[in-house]
Amino acid sequence: MEIYLNATMYRNISLVTMANGSNQSESDIEADPLFRISTLIWVYTSPILLLTGTVTNTLSICVLQRKALTKQTTTFYLTVLSFIHLFVLYFGLGTAWLKRAFDFDIRLQSDCLCQFVTFVVNVFLNMSVWTLVAVTIDRCIIVCLPQHSQTLCRLKHAKCTVAAIFASVALANIHIFWGVSLSKTSDSSQEECTHGNYFNEFVFPWISLTVGFLLPFTTMVITNSLIVRGVYASHKRLAYQYSTTSGGSWNKLSANSDRYPPHGNRSPPHRDKLSSLTTMLLARNATFLILTLPIMIFLIVEPYYVSEDQDSAALYLTWAIVNICDYSDHAINFFLYCLAGSTFRKELRNMLRPVTRHTAR
């Protein structure tokens, strides 16, 4: 995932830079069918993701802020995450699309814009990862340590956590304002917003991989495993309690009461909401790991793999594909929530019901 300075520079890597790193000329690269395919991917897929991400993240925010869900710390984190996704799509994907489709790079207008856009993209990409880690830990506490959740998982704690994440990633990326600037390419034909040096190209990606992917990845794998184990243990415990307390009276109770069926037939509303939010989070984490892994592999392998004989057009195509996968992670949350979260679907229906009734009239 593009969560660090080196990745931001690569997001808008120039054709001249590619050509200088291979034995192909700029015109040769442009004429290659693979390069044309990569351009089509950028030009036509980007606006689809921008539109989809805008609509779906806005809907997610509206649903998650409904009264029935606002008291949940998990929904607060997910709301913040939706706002972050919008910033990432606009500043990250939007900048890349303008460059490919209209040959306009807002970062090249001045040193200040070069630094500011790079800073914003990096900050919100870092926030995206660590906010997801925070909500996963929060859900793990709720599921595995319910006796402590009332104390530890409060909205004020969640707000402080988000503020701390923002302050930490902003400080970690503050060096951008004196480490990034406009400079001429090696043949002095174009300007680029760059930070190029050995440390940023070969050393910093490994630091970023550890802090920005491996550590969050490990944390999410461990906490998700604990969540799954906790949910399974909870269901098993409830099944055992029911079997030892209800005896043979279940059929009689269920026959006499459709409104309040026993727990063996239907979980209590608060437990349904707990399971629904947990399922939503597990689906969200799995998607993050699947869609961001390709770009992390590319960013680590590329500096060592690319040589003068490397096909730059193929590199462009690979780069386009892993970027679109990564940006898709910021645009599809709504669909995951609808598929995995029964509570989310219910609130979405309740929100849309007045609109559909008005339309029907």
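All residue numbers refer to position in the chain's written sequence, counted from 1. The predicted origin of the model limits local features to residues at a pLDDT of at least 70 and limits the giving and counting of side-chain atom pairs to 80 or more, whereas totals for whole chains, interfaces and linings rest on all residues. Calculation of side-chain values draws on the structure's entire complement of heavy atoms; hydrogens and water are dropped beforehand.

*Asks:* Which residues make up the side chain of Thr-73, and what values go with them?
*Replies:* Secondary structure counts use DSSP, requiring at least four H or I residues in a row for a helix and at least two E residues in a row for a strand, with both numbered from the N terminus. Relative to the elements of secondary structure, Thr-73 occurs in helix α5 (residues 73-102). The buried category is assigned to Thr-73, whose relative accessible area is 4%. Here a polar contact is recorded for every N or O atom pair within 3.5 Å, except that within protein the pair must consist of a potential hydrogen donor and a potential acceptor, and residues adjacent in sequence are included only if both atoms are side-chain atoms. At 2.8 Å, the side chain of Thr-73 forms a polar contact with the side chain of Asp-138. A contact between two residues is defined here by any heavy atoms of the two lying within 4.5 Å. Those residues within four positions of Thr-73 in sequence are excluded, and the remaining contacts are Asp-138, Ile-142, Cys-153, Arg-154, Leu-155 and Ala-158. Three exposure classes are used, based on accessible area relative to the maximum for each residue type with a 1.4 Å probe and protein chains only: buried under 20%, partly exposed in between, and exposed over 50%.

*Asks:* Which residues make up the packing of helix α6 (residues 111-144) against helix α8 (residues 155-172), and what are the values?
*Replies:* With their axes 9 Å apart at the nearest point, α6 and α8 run at an angle of 140° to one another. The angle between the axes of α6 and α8 places the two elements in the oblique class. The interaxial crossing formed by α6 with α8 has right-handed handedness. Residue-level contacts link Phe-119, Val-123, Asn-126, Met-127, Trp-130, Thr-131 and Ala-134 of α6 to Thr-161, Val-162, Ile-165, Phe-166, Val-169 and Ala-170 of α8. For the contact of α6 with α8, the class distribution of residues is 10 nonpolar, three polar and no charged. Axis lines are fitted through C-alpha atoms, for helices just across the contact stretch, and the angle between N-to-C directions can take any value from 0 to 180 degrees. Relative orientations are named as follows: roughly parallel for angles under 35 degrees, roughly antiparallel for angles over 145 degrees, roughly perpendicular for angles from 65 to 115 degrees, and oblique for any other angle. For any helix crossing, the convention is left-handed if the near helix is rotated counterclockwise from the far helix by under a right angle, and right-handed if that rotation is clockwise. Throughout this entry, Asp, Glu, Lys and Arg are counted as charged residues, while Ala, Val, Leu, Ile, Met, Phe, Trp, Tyr, Cys and Pro are counted as nonpolar. The remaining residues, Gly among them, count as polar.

*Asks:* Can you lay out α6 for me, pointing to particular residues and giving the numbers?
*Replies:* Here a helix's expected span is defined as the number of its residues, less one, multiplied by 1.5 Å. Compared with an ideal rise of 1.5 Å per residue, which puts 34 residues at 50 Å, α6 spans 49 Å between its outermost C-alpha atoms and is within 8% of the ideal. Across the 34 residues of α6, 27 count as buried, placing the element largely inside the fold.

*Asks:* Describe the side chain of Arg-139, and please don't skip the residues or the numbers.
*Replies:* Checked against the element boundaries, Arg-139 lands in helix α6. Positive charges are assigned to Lys and Arg, negative charges to Asp and Glu, while His and the chain termini are left out of the count. Think of a salt bridge as a Lys or Arg side-chain nitrogen and an Asp or Glu carboxyl oxygen that are within 4 Å of each other. No salt bridge is formed by the buried Arg-139; the nearest opposite charge belongs to Asp-138, separated by 5.0 Å. A polar atom in the side chain of Arg-139 sits 2.5 Å from the side chain of Thr-74.

*Asks:* Explain the packing of aromatic side chains residue by residue, including any values.
*Replies:* We call Phe, Tyr and Trp rings a pair once their centres come within 6.5 Å, taking the six-membered ring for Trp, and we label the pair stacked below 30 degrees between planes, edge-to-face above 60, and tilted otherwise. Summed over all chains, the structure comprises 11 aromatic pairs. Their ring planes at 85° and their centres at 5.1 Å tell us that Phe-35 and Tyr-316 sit as a pair that is edge-to-face. Residue Phe-35 is located in helix α4 (residues 33-64), and its partner Tyr-316 is located in helix α13 (residues 312-328); the two are separated by 281 residues in the primary sequence. Here the aromatic rings of Phe-334 and Phe-335 are separated by 5.9 Å at their centres, their planes lie at 75°, and the arrangement is edge-to-face. For Phe-334, a relative accessible area of 10% translates into the label buried.

*Asks:* Please set out the packing of α5 against α13 residue by residue, giving values where relevant.
*Replies:* Put simply, α5 and α13 touch, their axes get as near as 12 Å, and they point 150° apart. One way to sum up the angle between α5 and α13 is to call them roughly antiparallel. Viewed along their axes, α5 and α13 form a crossing whose handedness is left-handed. Between α5, through Val-88, Leu-89, Gly-92, Leu-93 and Arg-100, and α13, the contact on the second element is made entirely by Tyr-316, Trp-319 and Tyr-327.

*Asks:* Residue-level account of the confidence of the model for the protein, with values.
*Replies:* Confidence of the predictor in every single residue is expressed as pLDDT, which spans 0 to 100. Looking at the protein, the pLDDT average stands at 78 and 72% of residues meet or exceed 70. Taken as a whole, residues 248-270 scores under 50 in pLDDT and shows 10 contacts with residues more than four places along the chain or in a different chain.

*Asks:* Summarise unusual backbone geometry; cite the residues concerned and give the values.
*Replies:* Positive phi is not limited to glycine here, since Asp-103 has a value of about 55°. Inspection of the secondary structure puts Asp-103 in the loop between α5 and α6. On the basis of relative accessibility, which here comes to 68%, the residue Asp-103 falls in the exposed class.

*Asks:* For the nonpolar core, give the residues involved together with the corresponding values.
*Replies:* Note on terminology: a nonpolar core comprises buried Ala, Val, Leu, Ile, Met, Phe, Trp, Tyr and Cys residues joined through side-chain atoms within 4.5 Å. Among the nonpolar cores identified, the biggest contains 67 residues, and Leu-93, Met-127, Leu-132, Trp-319 and Phe-344 are the most heavily contacted of them. It is α6 that provides the largest number of residues to this core, a total of 14 residues. For Leu-132, the residues in contact, after removing those within four places along its chain, are Leu-81, Met-220, Leu-281, Arg-284, Asn-285 and Phe-288.

*Asks:* Explain the pattern of salt bridges to me, using residue names and the numbers behind them.
*Replies:* Across all of its chains, the model carries three salt bridges by this definition. Here Asp-105 makes a salt bridge to Arg-107, at a shortest N to O gap of 2.8 Å. As far as burial versus exposure is concerned, Asp-105 and Arg-107 are alike and both buried. Salt-bridge contacts for Arg-284 lead to Asp-329; the nearest nitrogen and oxygen are separated by 2.9 Å. Of this pair, Arg-284 sits in helix α12 (residues 269-305) while Asp-329 sits in the loop between α13 and α14 (333-340), and the two are 45 residues apart along the sequence.

*Asks:* Explain α13 residue by residue, including any values.
*Replies:* Its 17 residues place the ends of α13 24 Å apart at the C-alpha level, agreeing with the 24 Å of an ideal helix rising 1.5 Å per residue. α13 sits mainly inside the fold: 13 of its 17 residues count as buried.

*Asks:* Quick rundown of the environment of Cys-62? Include the residues and the values.
*Replies:* By the secondary structure assignment, Cys-62 is in helix α4. Along the sequence, Cys-62 and Glu-347 sit 285 residues apart, while their C-alpha atoms lie 9.7 Å from each other.

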